[in-house]
Amino acid sequence: MKIIKPSRKNKKLIIKTAVEKLRQGGLIVYPTETCYGFGVDGLNSEAVDRLLKIKGFRKGKPILIAVADKKMARKYVKINKTAENLYQNFLPGPLTVVSQSLHKTDPRLESKKGTLGIRIPDYPLVLEIIKKFNRPITSTSANTSGGNIPYSIKDALSQLSEKKKKMIDLIIDAGRLPRRPPSSVVETTPHEPILLRQGEIDFSQLKTKTVITNSPEETINLGQELVKKRLKKNQPLIFALQGELGAGKTQLAKGIGLGLGIKQTITSPTFVIIKEYPFSQGTFFHLDAWRVESEEELLKLGIEKMVQNNNVLAIEWIQKSRKSLEKIIGRKNTTVVYISVEHLSENSRRIKFT
Ligand code: ADP
Ligand code: MG
C-alpha cells in the first residue's frame, strides 16, 4: 500500500501512479468534493471483485461510477433530455445522475433495472486521473458497507481489517475533507427526475423549465417574471446565472432589476464585479464573477453579508463561484434559482431555470 499526499510538485507523479495501479486492476483510495472513495476500473471484472470484497456484503446494491466529462459518460449510458439538463446545470458537482446503462461496464455496478449512476466529481486532480486513464472508475465511499462516511484516510482505514488494508494499492491522502454529505442521486429514466438520495442538492433545484426567447426584450421580460414569482418576504433570493460570454446573462439581470421596480438602468458589473441597487424591500446586488480569481475572493467581497432577508442577488458566471455559493445556500430559507442561457442564433436563446 502506497500513500501519496498531493503537493504543488507531485501532481504528475500522482496521476501517473494512480493510472498505473488502475490499469493493473488495482484499488485506489481517492478524495472528492464529498468524501474519500474506493476506485477501481469499472470495466475490469477482477478489479470489481476486489472492490466488492473490500466493501463487504451489499445486497445487490448498485455502485456508482465517476467519469471525466459528459462525453465520456455517453459511452456508458444513454443520456436523455432530463439527464442532459442535469449534466449541464450541476456537473461537475455532488450529483449522481442515474441513466439507462449501455452495459459496457461490469454488470454488478448496475441496478436490477439495468440503470447506472454516473458522477463527475468536482475535484480536478481526480478528473485528470480519469481522463488519463480514459475509463470509468468506481465512485463508492471508502468504507465498509454501512460504515461511517470517510472524510479522512484514518476514517477509512479504521474500518478495515489488516487483510483488507493490504488490498489497497494506492492512497491519495488530501488530508481531512470538509464534511459534505454524499452526492445527491437522481434517477432520470422516467422523464421527471426522481431524487433517490438527497445530499446538498435538493429536489427543488432539479426541476428545470426551458424557454426560448427571440429577442433581448423577451429575455428581460423573463427575468422580470421570474423575480416576481420567486421573491418572498423575509428571505434572501439568489439567481445563479451561467452561460457563455454574450449569452444574455446581463439581459436577465436587467429584467430582475425591472421586476424589483428599480428605475436605474442595470449595466454589466464585469469591471467592478459588484453593483448594488436599493429597491423598496431591500437591496439588489448584481455580481459578475468573470474576473474573480478564487472563491476566497468572492467571500472576501462580502457575499455572505449580502445574503440577507429581502435582498436579491444575481450572480453571473456562477460556474466560477459555485463552491462559495454552496456554502451560503447551505443555509435554510434561501431560494436559489439556477438559470443557464445558451446561444442558439443571433437573436434566440435557450434559457433553462429551476
Ligand atoms: P452575458 O452577460 O451573458 O455575457 P449580455 O447579456 O451582456 O451577455 O449580452 C447578450 C447580447 O446578446 C446582447 O447584446 C443582446 O442584445 C444580445 N441578444 C440577442 N438576442 C438575445 C436574446 N434572445 N436574449 C438575450 N440577449 C440577446
Ligand atoms: Mg454579463
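A brief look at the structure comes next. (Residues numbered from 1 in each chain as written. Chains lettered and ligands numbered in written order. Predicted model: local features only at pLDDT ≥ 70, side-chain atom pairs only at ≥ 80, totals over all residues. Heavy atoms only, no water.)

1. Observations regarding the pattern of salt bridges
Operational definition: By convention in these notes, a salt bridge is any Lys or Arg side-chain nitrogen within 4 Å of a carboxyl oxygen on Asp or Glu. Strands here mean DSSP runs of E at least two residues long; helices mean DSSP runs of H or I at least four residues long; both are numbered from the N terminus. Exposure classes here rest on a 1.4 Å probe applied to the protein chains alone. A residue is buried below 20% of its type maximum, exposed above 50%, and partly exposed in between.
Per the stated rule, a full pass over the model turns up 15 salt bridges. Across the salt bridge formed by glutamate 33 and arginine 119, the nearest N and O atoms sit 3.1 Å from each other. Separated by 86 residues along the polypeptide, glutamate 33 in the loop between β2 (28-30) and β3 (37-39) and arginine 119 in strand β7 (residues 115-119) bring together distant segments of the chain. On the accessibility criterion, arginine 119 (3% relative accessible area) is buried. Beyond isolated ion pairs, a larger network of salt bridges with shared partners links Asp49, Asp106 and Arg108.

2. Quick look at helix α4 (residues 81-90)
Basically, it comes down to this: Within 3.5 Å is the distance limit for a polar contact, defined as a pair of N or O atoms, with the added protein rule that one can donate a hydrogen and the other accept it, and that residues adjacent in sequence qualify only through two side-chain atoms.
The buried fraction of α4 is high, at eight of ten residues. Within the sequence span of α4, burial applies to Thr82, Ala83, Glu84, Asn85, Leu86, Tyr87, Asn89 and Phe90. For α4, the capping residue at the N-terminal end is asparagine 80, with a side-chain oxygen 3.2 Å from the backbone nitrogen of threonine 82.

3. Here we look at the packing of aromatic side chains
The test is simple: For Phe, Tyr and Trp, rings pair up if their centres lie within 6.5 Å, where Trp contributes its six-membered ring, and each pair is then called stacked (planes under 30 degrees apart), edge-to-face (over 60) or tilted (otherwise).
Applying the stated rule across the entire model yields three aromatic pairs. On the numbers, 6.0 Å between centres and 25° between planes, the contact of tyrosine 277 with phenylalanine 284 is stacked. The burial state of tyrosine 277 is the same as that of phenylalanine 284; both residues are buried.

4. A few points about the coordination of the magnesium ion (ligand 2)
Just so we agree on the cut-off: In this listing, donors mean N, O and S atoms no farther than 2.8 Å from the metal, or 3.2 Å for Na, K and Ca; water is missing from the atoms, so a site can look incomplete.
Donor atoms from the polypeptide that bind the magnesium ion (ligand 2) are Thr250 (OG1) and Glu316 (OE), placed at 2.1 to 2.2 Å. Of this pair, threonine 250 sits in helix α10 (residues 249-259) while glutamate 316 sits in strand β17 (residues 312-316), and the two are 66 residues apart along the sequence. When its relative accessible area of 2% is taken as the criterion, glutamate 316 is described as buried.

5. Describing the nonpolar core
So the rule is basically this: Side-chain atoms within 4.5 Å link the members of a nonpolar core, which is a set of buried Ala, Val, Leu, Ile, Met, Phe, Trp, Tyr and Cys residues.
Phe38, Tyr87, Leu95, Ile118, Ile129, Ile168 and Leu313 are the most contacted members of the largest nonpolar core, which has 77 residues in total. The element contributing the most residues to this core is helix α5 (residues 124-133), with six residues. If you look at the next biggest cluster of nonpolar residues, it comprises 23 residues, including Phe239, Ile256, Ile262 and Val337.

6. Some remarks on the environment of tryptophan 317
Applied cut-off: Only heavy atoms enter the contact rule, under which two residues are in contact if any of them lie within 4.5 Å.
Tracing the sequence through the fold places tryptophan 317 in the loop between β17 and α13 (322-329). Measuring from C-alpha to C-alpha, the distance between tryptophan 317 and valine 292 comes to 9.5 Å, with 25 residues separating the pair along the chain. Setting aside residues no more than four positions away along its own chain, tryptophan 317 makes contact with Leu241, Gly243, Glu244, Leu245, Lys249, Asp288, Ala289 and Trp290.

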